[in-house]
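Coordinate inspection notes
Read off the chains here:
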Amino acid sequence: MSLLCVLLVACSAVESASPGSHDPSIEGVGVLPGGGADTAVVAESDPVTTSVPTSSSSTSTLVPPVTIGSLVTGNRLLMIGDSITASAAQRYGGEFCKTLVPLGWQVEVDAEPSRFVDFGAQVLDKRLAAKWDAAYVFLGTNYLGNQQSYQKQLEKIVQRLSPTPVVLLTVTNFAENRQEVNDVITLVATEFPNVHVIDWGAIAGADPATILRGDGIHLTDSGRATLASTVATVLGQAPVQPGDCLSTLFTNDSGGNVNGSDTPPPTHVGGTNTTVKTTVAGGTPTTKPPSPTTPPVTPPTQPPPTQPPPPTVPPPTITSPRRTTLPPTGP
């Protein structure tokens, strides 16, 4: 199996439109601004451009110029996410601990299915005081469509974690408006010098058949291993030992199945009869005509059944009792 490793975007200016420059309700599909569908950008102080394999027959191992481990003095790692991250937590596949603990990281995975960006603040409210040397945030697959709100909440998460190095991950473009999420992540990386971006959308899109289930979102067994190894490449060796797999307070899995579904996502998103662009997780968008809309068939209106009029019943005849006058009687 081909192993796709990391692309890291950090601390470099990326030319992109401000998330507030278009209607947050408008859905759009594409890849991160400034990069083609087959290009992953790795950047620290000097940007480095590296191609991501577009075929499962090729293998590329990327070592970022500077790993997170070389920037910190401790080994405590906080990981925040939704079902994608939860699927590689210790209670499921366990790929994060299996991969990162041998590198010396003490890993806490706080992730639950169906969580939106506000989940990050919930985790920090309870766990920020525990002190962390690095953080991973993968929230955006579940998105309400308000780009400005998403940006505000993500910036707040990063601000609360700063100056700790924070790794953000882009999402796959399984739905049109998820490009809005990726645009915000790219922008936030230019606002905070401690932010590093793994373009997970491009990595998964380079080999979706191996990495993703049919829904274009959740991970196969190979996909979880790829995610863990990608994060490991960004983190590198922890500066101190030993590593450990830490417990978590966040294990509510009632929101859904971490394995998702093998049913492909709908091509048409948004409910409008317009031309739809589709992208397979970071690939080149293609244009498809809208599916023809067939008006619903209305059954003919049947007149209400005619009921015979009720029989006419003559009003009852009221007979007064006959009064009989008696002749007077006398003595």
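Residues numbered from 1 in each chain as written. Predicted model: local features only at pLDDT ≥ 70, side-chain atom pairs only at ≥ 80, totals over all residues. Heavy atoms only, no water.

**Re the pairing of strand 7 (residues 166-169)**
Going residue by residue along strand 7, you find Val166 and Leu168 tucked away on one face and Val167 and Leu169 tucked away on the opposite face as well. The sheet contact formed by strand 7 and strand 8 (residues 195-198) spans four bridges and is parallel. Counted as the bridge partner of valine 166 is valine 195 from strand 8. Viewed along the sheet, the connection from strand 7 through helix 5 (residues 178-191) into strand 8 turns out right-handed. (Buried < 20%, exposed > 50% of the residue type's maximum accessible area, 1.4 Å probe, protein only. Helix = DSSP H or I, 4+ residues; strand = E, 2+ residues; numbered from the N terminus. Pairing = 2+ DSSP bridges. Right-handed = clockwise from strand over helix to strand, strands pointing away.)

**Thoughts on the packing of helix 4 (residues 147-161) against helix 5**
Interaxial distance between helix 4 and helix 5 falls to 10 Å at its minimum, and their mutual angle equals 40 degrees. For the element pair helix 4 / helix 5, the angle class is oblique. Taken as a pair, helix 4 and helix 5 cross one another with a handedness that is right-handed. Note on element contacts: helix 5 touches helix 4 through Glu180, Val181, Asp183, Val184, Ile185, Leu187, Val188 and Glu191, opposite Gln147, Tyr150, Gln151, Leu154, Glu155 and Val158. Looking at the contact of helix 4 with helix 5 residue by residue, the classes come out as eight nonpolar, two polar and four charged. (Axes fitted to C-alpha atoms, helices over the stretch in contact; angles between N-to-C directions. Parallel < 35°, antiparallel > 145°, perpendicular 65-115°, else oblique. Left-handed = near helix turned anticlockwise from the far one by under 90°. Contact = heavy atoms within 4.5 Å. Nonpolar A, V, L, I, M, F, W, Y, C, P; charged D, E, K, R; others polar.)

**Let's talk about the packing of aromatic side chains**
The geometry of two aromatic rings is summed up by the distance between their centres and the angle between their planes. Within the structure shown, the criterion is met by four aromatic pairs. On the basis of an interplanar angle of 85 degrees and a centroid distance of 5.5 Å, the ring pair of phenylalanine 119 and phenylalanine 250 is categorised as edge-to-face. One end of the pair, phenylalanine 119, is in helix 3 (residues 118-127); the other, phenylalanine 250, is in the loop between strand 9 (244-245) and strand 10 (276-278), with 131 residues separating them in the sequence. Note on tyrosine 143 and tyrosine 150: the rings are 5.8 Å apart at their centroids and 85 degrees apart in plane angle, and the pair reads as edge-to-face. Comparing tyrosine 143 with tyrosine 150 shows no difference in burial state: the two are buried. Among the aromatic residues, those joined into a ring-pair cluster are Phe96, Tyr136 and Phe138. In this arrangement the basic side chain of arginine 76 is found over the ring face of tryptophan 132, its NZ or CZ atom lying 4.3 Å from the centre. (Phe/Tyr/Trp six-rings, centres within 6.5 Å; stacked < 30°, edge-to-face > 60°. Lys NZ or Arg CZ within 6 Å of the ring centre and 35° of its normal.)

**Regarding the state of the cysteines**
If you walk through the whole model with that rule in mind, you get one disulfide. The disulfide that involves cysteine 97 links it to cysteine 245, with 2.0 Å between the sulfurs. An S-S torsion of about 75 degrees defines the bridge between cysteine 97 and cysteine 245 as right-handed. Taken as a pair, cysteine 97 in helix 2 (residues 95-100) and cysteine 245 in strand 9 lie far apart in primary sequence, 148 residues in all. (Disulfide = S-S within 2.5 Å.)

**A few points about unusual backbone geometry**
Here serine 162 and proline 163 are connected by a cis peptide whose omega angle stands at 5 degrees. Inspection of the secondary structure puts proline 163 in the loop between helix 4 and strand 7. Omega for the bond connecting glutamine 241 with proline 242 falls within 30 degrees of zero, at 5 degrees, which places this linkage in the cis form. Along the chain, proline 242 turns up in the loop between helix 8 (221-235) and strand 9. Unusually for a residue other than glycine, serine 114 sits at a positive phi of about 65 degrees. Positive phi, normally seen in glycine, also occurs at lysine 131, with a value near 70 degrees.

**Digging into helix 5**
With 14 residues, helix 5 extends 20 Å from end C-alpha to end C-alpha; this agrees with the ideal 20 Å at 1.5 Å per step. Counting buried positions along helix 5 yields twelve of 14 residues, so the element is predominantly enclosed. Listing the buried residues of helix 5 in full gives Arg178, Gln179, Glu180, Val181, Asn182, Asp183, Val184, Ile185, Thr186, Leu187, Val188 and Ala189. (Expected span 1.5 Å × (residues − 1).)

**What about the environment of glycine 223?**
Among the secondary structure elements, glycine 223 is positioned in helix 8. Among the residues examined, glycine 223 registers a relative accessible area of 0% and is labelled buried. As a C-alpha pair, glycine 223 and isoleucine 211 span twelve residues in sequence and 3.8 Å in three-dimensional space. In this view, glycine 223 contacts Trp200, Thr210 and Ile211; residues no more than four positions away in its chain are not counted.

**Here we look at the pattern of salt bridges**
Going through the model one piece at a time under the given rule, you end up with six salt bridges. The shortest N-O distance in the salt bridge between arginine 91 and aspartate 253 comes to 2.9 Å. Taken as a pair, arginine 91 in the loop between helix 1 (83-86) and helix 2 and aspartate 253 in the loop between strand 9 and strand 10 lie far apart in primary sequence, 162 residues in all. A relative accessible area of 23% places aspartate 253 in the partly exposed class. For the salt bridge of arginine 127 with glutamate 108, the shortest nitrogen-to-oxygen distance reads 2.8 Å. Taken as a pair, arginine 127 in helix 3 and glutamate 108 in strand 5 (residues 106-111) lie far apart in primary sequence, 19 residues in all. On the basis of relative accessibility, which here comes to 2%, the residue glutamate 108 falls in the buried class. (Salt bridge = Lys/Arg side-chain N within 4 Å of Asp/Glu carboxyl O.)

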